[in-house]
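# Summary of the model geometry
Residues per chain are reported as follows:
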Amino acid sequence: MIGRPPRRALVLGGARSGKSRYAEQLLARARRVEYVACGLPADGGDPEWAGRVALHRDRRPASWRTVETVDLVGVLGQPGPPVLVDCLSTWLARVMDDCGVWTGTEGADARLAAAVDDVVAAWSGTRRRVVAVSNEVGSGVVPATASGRRYRDELGILNARVAAASRRVWLLTAGLPQRLR
């Protein structure tokens, strides 16, 4: 069993690397946990996505409360039980869309930068125990599109900033955790 996690921990890994399961184990001793799902809610329109969401939900204890939101600043600024953010990758994708990055909306880059700054500040200043999951990027194929490269770069920057503000950082590869810090 994994001991009590530090106040701020980041769990990185590739797709299907076991990062979410490991993050859940870090908080397994907590009776109550606020599980923040940053991805799109399963609405039945995508059976494969609905299956992934159900798998995650079924794995968690019934006492854990699920909150579907991208308002990480609000969550991290409130008192409460430990928080598990799953995941920063889906948070960033939704925020980039909300800021108008993909449509070239005027001021989109500034709004995105402000949103990332706000989340990093909330992460650094939270008084709650918090574990975040994120996809590690940059080790694979270079995306073929400008938008893919932009997303990869923005996620790499976000991960580095959150890692710098974390007490512990793990990287999962093939289900095996390696402590980086």
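Our subject in this report is the structure included herewith. Fair warning: this is a prediction, and the values are worked out from it, not measured in the lab.

## As for the sheet that holds strand β1 (residues 8–13)
- The mixed open sheet is built from seven strands, whose spatial order is β3-β2-β4-β5-β1-β6-β7. Sheet topology places β3 (65–68) and β7 (176–179) at the edges, where each strand pairs with a single neighbour. Between one strand axis and the next, the sheet turns through 20° on average, direction left out of account.
- Relative to β7, strand β6 (residues 168–173) runs antiparallel, the two being bridged by four bridges. Bridged to L171 within β7 is Q178.

## Examining the pairing of strand β5 (residues 130–135)
- The buried fraction of β5 is high, at five of six residues.
- Examined bridge by bridge, β1 and β5 share six bridges and lie parallel to one another. Across the sheet, V11 pairs through a bridge with V133, a residue of β5.
- In terms of strand pairing, strand β4 (residues 83–86) meets β5 through four bridges, oriented parallel. Looking at the pairing, L84 lines up with V131 of β5.

## Here we look at the nonpolar core
- Within the largest apolar cluster, 32 residues are counted, with the highest numbers of intra-cluster contacts made by V85, W91 and L158.
- Listing elements by their share of this core, those giving two or more residues are β1, α3 (72–77), β4, α4 (88–99), α5 (108–125), β5 and α6 (146–164).
- L158 has contacts with L88, W91, L92, V116 and V120, leaving out every residue within four places of it along the chain.
- With 17 residues, the next largest nonpolar core counts A23, V33, C87 and V133 among its residues.

## Section: helix α1 (residues 19–26)
- Buried residues dominate α1, accounting for six of its eight residues.
- Those residues of α1 that fall on the buried side of the exposure criterion are K19, S20, Y22, A23, E24 and L26.

## Points about the state of the cysteines
- Under the counting rule described, the total for this entry stands at zero disulfides.
- In this structure C87 is not part of a disulfide, and its nearest cysteine sulfur, from C38, lies 7.1 Å away.
- Classification of C87 by relative accessible area gives buried; the value is 7%.
- With no disulfide of its own, C99 lies 14 Å from the sulfur of C38, the closest cysteine sulfur.
- With a relative accessible area of 8%, C99 lands in the buried category.

## Notes on the side chain of N159
- Structurally, N159 can be placed in helix α6.
- You can call N159 buried: its relative accessible area is 4%.
- A distance of 2.6 Å separates a polar atom in the side chain of N159 from a polar atom in the side chain of S134.
- When near neighbours in sequence (up to four residues on either side) are disregarded, N159 contacts L10, L12, S134, N135 and E136.

## A closer look at the packing of α4 against α6
- Closest axis-to-axis distance for the α4/α6 pair is 10 Å, and the angle between their directions is 125°. Taken together, α4 and α6 sit at an angle that is classed as oblique. Crossing of α4 against α6: the hand is right-handed. On α6, the residues touching L88, S89, T90, W91, L92, A93 and M96 of α4 are R150, Y151, E154, L155, L158 and V162.

Conventions and cut-offs
Residues numbered from 1 in each chain as written. Predicted model: local features only at pLDDT ≥ 70, side-chain atom pairs only at ≥ 80, totals over all residues. Heavy atoms only, no water. Pairing = 2+ DSSP bridges. Helix = DSSP H or I, 4+ residues; strand = E, 2+ residues; numbered from the N terminus. Axes fitted to C-alpha atoms, helices over the stretch in contact; angles between N-to-C directions. Buried < 20%, exposed > 50% of the residue type's maximum accessible area, 1.4 Å probe, protein only. Core = buried A, V, L, I, M, F, W, Y, C linked by side-chain atoms within 4.5 Å. Contact = heavy atoms within 4.5 Å. Disulfide = S-S within 2.5 Å. Polar contact = N/O pair within 3.5 Å; in protein donor to acceptor, adjacent residues only side chain to side chain. Parallel < 35°, antiparallel > 145°, perpendicular 65-115°, else oblique. Left-handed = near helix turned anticlockwise from the far one by under 90°.

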